[in-house]
Amino acid sequence: MAGPVVILTGVDGEVWEFGDPLCPVRLKYVKGLGGADFTIEDTEGVGQAGVTFVATNDKPNVVTLGANLGPVPKSQGMDLLSRWRQTLGRGSSLVSGGPLMKLEIVQSERYQWMRLTNKLESPFEQMANVGWMFEDVDLRSDETWWRTDPIVKEFTAAQFAGATIDNLGTEPVWPFIRIDGPISSPTLSWAGQPAVSLPSLTAGQWLEIESDPDWWAITDQAGLDRSWIGNRWYVKAPKKTNNIPVTITGGSTSGATRLKVTLPQLFATAL
């Protein structure tokens with residue numbers, strides 16, 4: 001059986017489609033697609049039989065690429081090595097604020113943003129004289145999870161009553177919400193939790209809501225902070241669940257009123 005088809009987009013934007021006959025870098029193996037490492041946090045007391053589980057501590061994911069550079073004509077060896085080093089970077093993006101490497105698994109459409117974590121040797125003589133070399137390349141994602149593109153659904157006021165969204169991922173996630181007015185005294189909830197009241201919006205006004213408590217933010221069309229509403233949501237969209245209800249109420253709506261829900265899709269493994 002053929003292994004997974006892997007694509008690496010470098011910090012310089014060059015795309016390496018491993019397995020394509022025209023790609024000058026060929027993978028001997030890929031390690032780390034089975035998920036990130038984790039540890040278990042427990043407590044124990046005097047005379048206690050066993051331990052009390054507290055939490056799982058998820059680590060960043062590490063992937064190792066066993067990469068064959070070449071063979072190419074020896075006159076092209078140094079150019080290939082230079083391109084490969086440029087695409088890997090040195091643990092960060094090529095320019096401040098730019099993208100990291102993107103490692104994609106074609107079969108599952110899952111990906112992670114990666115950074116190089118190990119110093120690589122520079123076998124200039126071998127590439128110049130032979131046009132071939134092998135090396136292990138260790139890449140690390142700052143995240144535990146693999147991603148696919150988020151699921152995004154938009155609803156008009158006439159569709160509010162039946163609004164739902166899917167989470168295909170293996171992890172529960174916090175939605176990102178946008179509400180476009182007009183709508184008076186709106187309330188919003190999902191997955192059956194108590195509704196949270198939001199400020200009224202006139203035509204042309206909107207709110208963007210990051211519901212993750214670690215990144216909690218509500219901003220309006222003027223860029224002003226509206227996160228002072230006092231209440232928050234306490235339930236994530238559950239994992240591997242279709243038709244998660246999204247409940248929004250409010251009056252004075254029009255054809256311009258919209259609810260847009262963006263749900264990240266997170267997976268423990270690459271396949």
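Report follows, based on the coordinates. (Residues numbered from 1 in each chain as written. Predicted model: local features only at pLDDT ≥ 70, side-chain atom pairs only at ≥ 80, totals over all residues. Heavy atoms only, no water.)

**Here we look at the overall build of the chain**
Worth spelling out the cut-off: Secondary structure follows DSSP: runs of H or I at least 4 residues long count as helices, runs of E at least 2 residues long count as strands, and numbering of each begins at the N terminus. Here the globule rule is a power law, 2.2 Å times the number of residues to the power 0.38, and the radius of gyration is based on C-alpha atoms. Note on exposure labels: buried denotes an accessible area under 20% of the residue type's maximum, exposed denotes more than 50%, and partly exposed covers the range between, all computed with a 1.4 Å probe on protein chains only. Contacts were defined at the residue level, with two residues in contact if any of their heavy atoms lie within 4.5 Å. Throughout, the Shrake-Rupley method with a 1.4 Å probe supplies accessible areas, and for residues the shown protein chains are the sole cover considered. A positive count includes Lys and Arg, and a negative count includes Asp and Glu. His and the chain ends are not counted in either. To locate a charge, the coordinates of NZ of Lys, CZ of Arg, CG of Asp or CD of Glu are taken.
Each helix and strand in the chain was counted, giving two helices and 18 strands. The C-alpha radius of gyration of the chain comes to 24 Å, more than 25% above the 18 Å expected for a compact globule of 271 residues. By principal-axis analysis of the C-alpha atoms, the chain measures approximately 75 × 60 × 40 Å. Relative to its full complement of 271 residues, the chain shows a buried share of 40%. Pairs at least 24 apart in sequence give 70% of the contacts found in the chain among residues at least 6 apart. For the chain, the computed accessible surface area is about 14,400 Å², with 53% contributed by carbon and sulfur atoms. Here the chain contributes 23 positive and 30 negative side-chain charges, whose respective centroids are spaced 2 Å apart.

**What about the packing of aromatic side chains?**
To keep things clear, this is the line we draw: When the centres of two rings from Phe, Tyr and Trp lie within 6.5 Å, Trp using its six-membered ring, the rings pair. Their planes under 30 degrees apart give stacked, over 60 give edge-to-face, and anything left gives tilted.
One pass over the full model with this rule turns up six aromatic pairs. Consider the rings of W16 and W84, whose centres lie 5.2 Å apart with planes at 85°: the pair is edge-to-face. Of this pair, W16 sits in strand 2 (residues 15-17) while W84 is found in helix 1 (residues 74-88), placing the two residues 68 residues apart along the sequence. We note that W16, like W84, is buried. Here the aromatic rings of W216 and W233 are separated by 6.0 Å at their centres, their planes lie at 55°, and the arrangement is tilted. Remark: W233 occurs in the loop between strand 16 (217-220) and strand 17 (241-251) and W216 occurs in the loop between strand 15 (206-210) and strand 16; sequence separation between them is 17 residues. By relative accessible area, W216 is classed as buried at 14%. With relative accessibility at 2%, the residue W233 sits in the buried group.

Read these as geometric descriptors, not functional statements.
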